[in-house]
Every structure is written in C-alpha cells, then in structure tokens.
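As a plain string of letters, each chain reads:
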Amino acid sequence: MTPIELAKEYLQSYFGEKPVEDMLTVLAKDLKFTGPYYRYDSAEEYVDRLKERMPVDKSYDILKQLERGNTCCLVYRHIREGEEDIMAQLFEINEDKITRIRLVFDASKLLEG
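These numbers come from a predicted model, not from an experiment.

All right, on to the overall build of the protein chain then. Tallying secondary structure elements over the protein chain gives 3 helices and 6 strands in all. Taking 113 residues into account, the globule formula puts the C-alpha radius of gyration at 13 Å, and the protein chain, at 13 Å, falls close to it. Counting only C-alpha atoms and orienting by the principal axes, one finds that the protein chain spans roughly 40 × 30 × 25 Å. The buried share of the protein chain, reckoned over its 113 residues, is 37%. Taking contacts inside the protein chain between residues at least 6 apart in sequence as the whole, the part at least 24 apart equals 45%.

A few words on the sheet that holds strand β6 (residues 97-105). Pairing within the open sheet is mixed, and its 6 strands lie in the order β2-β1-β6-β5-β4-β3. Strand pairing shows two members of the sheet lacking a second neighbour, β2 (39-40) and β3 (58-68), which therefore form its edges. The sheet contact formed by β3 and strand β4 (residues 71-80) spans 10 bridges and is antiparallel. Bridge assignment links Lys64 to a residue of β4, and that residue is Val75. Taken strand by strand, helix α2 (residues 43-53) contacts β1 (27-34) and β2, and its axis lies near 65° from that of β1.

With that settled, the discussion passes to the pairing of strand β5 (residues 83-94). Two strands pair when backbone bridges link them, and β4 and β5 are joined in this way by 10 bridges, in the antiparallel orientation. When the bridges of β5 are listed, Leu74 appears paired with Gln89. Hairpin connection between β4 and β5: a loop of 2 residues separates the two successive antiparallel strands, and Glu81 in this loop has a positive phi of roughly 50°. Sheet analysis places β5 next to β6, joined by 8 bridges and oriented antiparallel. From the neighbouring strand, Met87 faces β6, where its bridge partner is Phe105. Linking two consecutive strands that pair antiparallel, namely β5 and β6, is a turn of 2 residues; a positive phi of about 50° is found at Glu95 within it.

We now examine the pattern of salt bridges. Summed over the entire model, instances satisfying the criterion amount to 7 salt bridges. In this structure, Glu9 and Lys18 form a salt bridge, with 2.7 Å as the shortest nitrogen-oxygen distance. For Glu92, the salt bridge is made with Arg100, and the minimal N-O distance between the two is 3.7 Å. With a relative accessible area of 30%, Glu92 lands in the partly exposed category. The network of salt bridges with shared partners includes Asp61, Arg77 and Glu84.

You will see that Glu95, though not glycine, has its phi angle at about 50°, which is positive. Summarising the element assignment, Glu95 is placed in the loop between β5 and β6. You will see that Asp96, though not glycine, has its phi angle at about 60°, which is positive. In this structure, Asp96 sits in the loop between β5 and β6.

Thresholds applied
Residues numbered from 1 in each chain as written. Predicted model: local features only at pLDDT ≥ 70, side-chain atom pairs only at ≥ 80, totals over all residues. Heavy atoms only, no water. Helix = DSSP H or I, 4+ residues; strand = E, 2+ residues; numbered from the N terminus. Rg over C-alpha atoms; globule rule 2.2 N^0.38 Å. Buried < 20%, exposed > 50% of the residue type's maximum accessible area, 1.4 Å probe, protein only. Contact = heavy atoms within 4.5 Å. Pairing = 2+ DSSP bridges. Axes fitted to C-alpha atoms, helices over the stretch in contact; angles between N-to-C directions. Salt bridge = Lys/Arg side-chain N within 4 Å of Asp/Glu carboxyl O.

In short, shape yes, function no, at least from these values alone.
Take a look at the structure:
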C-alpha cells in the first residue's frame with residue numbers, strides 16, 4: 001500500500017467505518033503518536049486509549065492529501081457533535097506500517113469550553 005492508502009485505512013478505523021481494532025493492521029507496534037494533548041509510544045497503548053475515549057458522532061471530509069517518499073499528510077475537516085475543525089495528520093511509513101503520526105489542529109476551542 002502507498003502511504004496515502006495506509007493513512008486512509010487508519011482514518012476509516014478512527015472514524016468508525018471499520019472497527020478500531022483494524023487500525024492495528026496498519027500501525028507499527030512501536031508507533032509514535034504525538035498530538036496537542038497526548039503522546040503514545042505503542043500502537044497497543046494508542047488503540048486502547050481510543051477505545052476508552054471514542055466519540056460516537058463524528059465524521060470527516062478529506063480536503064488535501066500530499067505524499068512524498070515514505071511520508072504523507074492528510075488535511076481534513078473533522079466534524080464532531082456539530083462542531084467542525086480543520087486537522088492535519090503527518091504519517092511516516094516504514095515497511096508498510098505507519099510508524100509515526102503527528103496530529104496538528106487548533107486546540108483553543110477545546111480550552112474555551
């Protein structure tokens with residue numbers, strides 16, 4: 001699979017189009033995830049946390065996708081509970097697995113509430 005295809009497989013599991021556990025098929029065991037609030041150092045830790053905190057009412061619309069070598073970036077509209085945010089995720093791929101994810105978004109809305 002190409003980096004974009006792997007990233008899209010990941011998003012399908014994250015957004016409930018596929019079971020969240022399916023995400024483990026595209027993530028390296030030693031996945032490094034970094035976002036505005038959380039950091040994880042393994043795919044198992046990341047997926048376990050997602051299972052605990054998965055919002056039910058969410059969807060996405062990919063706005064832009066970029067790929068270069070073993071990295072790609074998906075920019076998408078994240079829709080949750082009637083709110084929309086633009087998010088970007090940078091993915092690094094090694095041996096057909098996602099080894100690193102960097103999530104970027106404006107977290108100020110979450111701090112306001």
